[in-house]
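Letter by letter, the chains look like this.
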Amino acid sequence: MNPEFKGFMPLSLAEFNTLTGLLSKLLYTQHPPVIIPGEAILGIEAVAAGIAAPGRTFVNVVTGPYGRLFGQWLERGGAAVVEVKVPFDEVATADGIASAIEQYQPDALSFVHAEVVTGGSNPAQDIFKLAQKYKLITVSDSVSAVGGEALHVDEWGVDFAVIGAQKALAGPNGVSAVSISPRGWEFLESNPAAPRNSILSLLDLKASPEGAALLRVPPNIPTLEARALIAALTQVEEEGLQQVIKRHERAAASAVAGIRALGIEPWQKDSRHYSTLTTTVRITGREGLLIHQPIGIVAPGDGELSGQLLRINHFGANASRNSVEKAITALAQLLEQEPGQALQAVREVWGE
Ligand SMILES: *Cc1c(COP(=O)(O)O)cnc(C)c1O
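Per an unreviewed UniProt entry, the protein chain is named Septum site-determining protein, and its organism is Paenibacillus graminis. In its Sequence similarities (unreviewed entry) section, the UniProt entry covering the protein chain states "Belongs to the class-V pyridoxal-phosphate-dependent aminotransferase family."

What follows is the structure, given as C-alpha cells:
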C-alpha cells in the first residue's frame, strides 16, 4: 500500500483543528463550529430538535420550503411557532417580523438567510439587528448564503448558523457545520427536551467544555467528506472569501442582465434582494420555458414552484462567466431567439 495514501485513515486531531479553524474564519467567529456528520439538512433538524420545547415561542420566517420544514420540526418539539410568511417571489421585511415579535414576544427568531429555491435573499443584517434589539436567540439557515454573501456570525449576534459546502463553496455535501454562540449553547443546555444519545444531539457533538483544547477527534466525523471539506475551504481561502462572494455577485448580475436582454424577467420582485447563487426566471406566458429536465445549470422549479419559474444555478464552480453564458444560450434556444445580444449583456457585467 502506498504509504502516502491516507484517504481512509482516521482524521488526525491536526486535520480536525484545521477544519474547525477554516470554518471559524469563514464565519467570522471565534467559537469553533460543530461539525455535523451529514448533509446540512441534518444540522438544521438537529438545531430545531435541540431548541424546541413546550413553553418556548418562536417567530419562524417562511420565504421558501426549508423555512416551512424548520417550523414543522419546532412544532414537533412542542414549541409554539408563529409563522411570518411572504409570497415566495418576495423576501421578508424587518418591519413585518417586528410586528410579529411585538405581538407574540417570542424567545427566538429563525429564518432562511438566502433561498436557492426562490432566488430571494432575506435582509439578514437588518433581521439580526432587530433580533438583538429584542434580545432574541437567532437561528439562520445560511447554507445557500455562505460564500455568496457576507455572514459575520459574532458581530451580527448569530446564535445558530447552519452552513453546508455544497452550494457556493464548491465542496462536499456529506458533512456540514453549525456555528453556535455561548448564548446558543445555554439555550440548548437549558432545554430538558434537547435530544441526547441521538444523531440529532448537538449537545453530544459539543467539542469541549468552554474552549478547552480537544484531546481527540469526535469519532463520528465522516473522514473522506471532512478531508474534502478541508480541500474546498482551503481553495476558498486561496481565492479569498471576498473574491468568491464577488464572483457570485457577478454571476447573478450577469444572469439577470442576460435574461432581461432576452425579454424575460426574474421571478423575484425586488432587485435589491436577489440571491447571488441562483437567478430565478418567471415563466408566465412563455410556453417554451416549461422544461421538466435540467439543461446544464438551468433547472425547473422545485415542488409547488414547478411551472412558475426556472432556476439558473450559478453557484460554486458555476459562478463563472462561461456557465452563465451557457445558461443564457440554453434559455435563448428555448425561446427560439438568437442569443447574441443577451450574451453581450452577460459579458458587459463581467467587464470582459
Ligand atoms: C441546499 C440547502 C439546504 C441543505 O440541503 P441539503 O439537503 O443538505 O443539500 C438547506 N437549506 C437551504 C436554504 C438550502 O438551499
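S.K.: Break down the nonpolar core for me, with residues and values.
M.R.: Leu19, Leu23, Leu26, Ile97, Leu109, Ile163 and Leu233 are the most contacted members of the largest nonpolar core, which totals 47 residues. In terms of residue count, helix H1 (residues 13–27) provides more of this core than any other element does, six residues in total. Taken domain by domain, this core gets at least three of its residues from each of domain 1 (13–238) and domain 2 (240–350). Non-local contacts of isoleucine 97, meaning those with residues more than four positions away in its chain, are made with Val59, Val61, Val84, Ala92, Leu109, Ile127 and Leu130.

S.K.: Could you give me a rundown of the packing of aromatic side chains, with the residues and numbers involved?
M.R.: Each aromatic ring pair is specified by the distance between its two centres and by the angle formed by the two planes. The full count for this structure, using the stated rule, is three aromatic pairs. Put simply, the rings of Phe111, Phe128 and Trp156 pair up and form one aromatic cluster. Taking NZ or CZ as reference, lysine 206 lies 4.9 Å from the ring centre of tryptophan 185, over its face.

S.K.: Outline the UniProt feature "modified residue: N6-(pyridoxal phosphate)lysine" (unreviewed entry) in the protein chain, supporting the account with residue identities and numerical values.
M.R.: In the numbering adopted here, UniProt assigns the feature "modified residue: N6-(pyridoxal phosphate)lysine" (unreviewed entry) to Lys167. If sequence neighbours within four positions are ignored, lysine 167 has contacts with Val116, Val143, Ser144, Leu277, Phe315 and Gly316. Within the structure, the side chain of lysine 167 is placed 3.4 Å from the side chain of serine 144, a separation counted as a polar contact.

Thresholds, definitions, all that
- Here the residue numbering is sequential within each chain, running from 1 through the sequence in written order.
- Totals for whole chains, interfaces and linings use all residues, but because this is a predicted model, local features are given only for residues with pLDDT of at least 70 and pairs of side-chain atoms are given and counted only at 80 or more.
- For side-chain calculations, the full set of non-hydrogen atoms in the structure is used, while hydrogens and water are omitted.
- UniProt positions are given in the numbering used here, feature names are shortened, and annotations may be inferred rather than shown by experiment.
- Working definition of a nonpolar core: buried Ala, Val, Leu, Ile, Met, Phe, Trp, Tyr and Cys residues. They are joined through side-chain atoms within 4.5 Å.
- Note on exposure labels: buried denotes an accessible area under 20% of the residue type's maximum, exposed denotes more than 50%, and partly exposed covers the range between, all computed with a 1.4 Å probe on protein chains only.
- The numbering of helices and of strands both runs from the N terminus, where a helix is a DSSP run of H or I of at least 4 residues and a strand a run of E of at least 2.
- Annotation comment: domain bounds sourced from an automatic or database domain assignment.
- It only takes one pair of heavy atoms within 4.5 Å for two residues to be counted as in contact.
- Centres within 6.5 Å make a pair out of two Phe, Tyr or Trp rings, where for Trp the six-membered ring is used; the pair is then stacked when the planes are under 30 degrees apart, edge-to-face when over 60, and tilted otherwise.
- Both a distance and an angle decide whether a charge sits over a ring: NZ of Lys or CZ of Arg must be within 6 Å of the ring centre and within 35 degrees of the ring normal.
- What qualifies as a polar contact is a pair of N or O atoms within 3.5 Å, subject to a donor-acceptor requirement within protein and to the restriction that residues adjacent in sequence count only when both atoms come from side chains.

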